[in-house]
Amino acid sequence: MKNSIIALALLFIVSACKEKTETIKTEDYKTKTLDVTTSIYPENVTKVFNAHGSIEQWNEFKNLEFTIAKETGDEKTITDLKTRRSFIETNTFALGFDGENVWLDKKGENEYNGNPNFYYNLMFYFYAMPFVLGDDGITYSYTNALTVDGIKYPGIKISYDAEIGSSPEDEYILYYNPETFKMEWLAYTVTYFSKEKSKKWSFIKYSNWQTVSGLQLPETLTWYNTEDSLPTEPRNSVQFKAVTLSKNMAADSIFAKPETGEIVK
């Protein structure tokens, strides 16, 4: 991840089949004219993209906006899809990435207790699944399926080249519905703080897909408690609203640090 980087109780098991060793790496499609659906993605990855509208259609957009409904107030996020510059605004703080630096602007006497460098693109990355898994520098491999309530969800494991982002040790597993090819689960590790590979997997359930400009994007993400690195029961859900995609580039001023803001080291 660029700077890295999760319902009634159900019984979960992982199938015992051995992990396949096939891997396919993406190329830098920004500098080449390629049919990306056949040239740089494995077949099942392409099918997942197509189930959500296609990676080609996603690549036509330049700007994504969404709002997270929280008890403390709405949190609005604007992301430049080409540069990954970002802007997050709440009633207590504003946070952004201008392409070089992360900045924080606390409102009034409010405190910010998180880690701006970790958070500035965190929710964007989770929300923009599965399309962000078409980024450059990714290696795909097929891994064990996840069986949930009698349905076996095939898994595609994602890892990153050493020079990609601030947490290239992060790993993800996309689990998709075997009939529809829509993404239904995401397993992920967090290595931003330790900078080392992790064996602790977190899980997000993807549901209530909504159509936005012809693409299927999630309306609800549900994080699960885990035991032995497997999901056990829902922990909390996040609702997304006012979602828009635009083919117009957002103004540079949106991502610029305000005079009252401070660069985060």
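Each value, and the rule that gives it
- Residues numbered from 1 in each chain as written.
- Predicted model: local features only at pLDDT ≥ 70, side-chain atom pairs only at ≥ 80, totals over all residues.
- Heavy atoms only, no water.
- Salt bridge = Lys/Arg side-chain N within 4 Å of Asp/Glu carboxyl O.
- Helix = DSSP H or I, 4+ residues; strand = E, 2+ residues; numbered from the N terminus.
- Buried < 20%, exposed > 50% of the residue type's maximum accessible area, 1.4 Å probe, protein only.
- Pairing = 2+ DSSP bridges.
- Contact = heavy atoms within 4.5 Å.
- Polar contact = N/O pair within 3.5 Å; in protein donor to acceptor, adjacent residues only side chain to side chain.
- pLDDT = per-residue confidence, 0-100.
- Phe/Tyr/Trp six-rings, centres within 6.5 Å; stacked < 30°, edge-to-face > 60°.
- Lys NZ or Arg CZ within 6 Å of the ring centre and 35° of its normal.

Draft legend 1. View of the pattern of salt bridges. A complete count under the given rule lists 12 salt bridges for this structure. When the shortest N-O distance is used, the salt bridge between Lys107 and Glu89 registers 3.3 Å. One end of the pair, Lys107, is in the loop between strand S7 (102-106) and helix H4 (116-119); the other, Glu89, is in strand S5 (residues 86-89), and 18 residues separate them in sequence. What emerges from the salt-bridge pattern is a single network uniting Asp80, Arg85 and Asp252.

Draft legend 2. Structural detail: the pairing of strand S10 (residues 172-176). Most of S10 sits inside the fold, with 5 of its 5 residues counted as buried. Examined bridge by bridge, strand S9 (residues 151-160) and S10 share 4 bridges and lie antiparallel to one another. Within the sheet, the bridge partner assigned to Ile158 lies in S10 and is Tyr172. In the sheet, S10 pairs with strand S11 (residues 183-188) via 5 bridges, with the strands oriented antiparallel. Looking across to S11, one finds that Tyr172 is bridged to Tyr188.

Draft legend 3. Main features of the environment of Lys257. Mapped onto the fold, Lys257 is located in the loop between helix H6 (252-255) and strand S15 (262-263). Sequence spacing of Lys257 and Ala94 is 163 residues, and the spatial spacing of their C-alpha atoms is 9.5 Å. Once residues within four sequence positions are removed from consideration, Lys257 is found in contact with Trp103, Glu262 and Ile263. Side-chain polar atoms of Lys257 contact the backbone oxygen of Gly261, separated by 3.3 Å.

Draft legend 4. Inspection of the confidence of the model for the protein chain at higher detail. Mean pLDDT over the protein chain stands at 82; residues scoring 70 or higher make up 79%. Within the model, the stretch residues 1-39 combines pLDDT values under 50 with 123 contacts to residues more than four positions away or in other chains.

Draft legend 5. Spatial organisation of the packing of aromatic side chains. Within this structure, the stated rule accounts for 16 aromatic pairs. Considering the side-chain rings of Tyr41 and Phe49, the 5.2 Å spacing of their centres and the 85° angle between planes classify their relative orientation as edge-to-face. Across the pair, Phe49 and Tyr41 agree in class, each one buried. Among the aromatic side chains, those forming a connected cluster through ring pairs are Tyr41, Phe49, Trp58, Phe131 and Tyr140. Sitting over the face of the ring of Phe61, Lys247 holds its NZ or CZ atom 5.6 Å from the ring centroid.

Draft legend 6. A look at helix H2 (residues 43-51). Regarding H2, the residues found buried are Asn44, Val45, Thr46, Val48 and Phe49. Backbone geometry just after H2 places Gly53 at a positive phi near 120°.

Draft legend 7. Focus on the pairing of strand S12 (residues 202-212). Pairing between S11 and S12: 4 bridges, direction antiparallel. Following the sheet pairing, Ala187 is matched in S12 by Phe203. Taken together, the 9 bridges between S12 and strand S13 (residues 215-227) define a ladder with antiparallel strand orientation. Counterpart to Phe203 in the pairing with S13 is Tyr224. Linking S12 back to S13 in an antiparallel pair, the connection comprises 2 residues, with Ser213 at a positive phi of about 50°.

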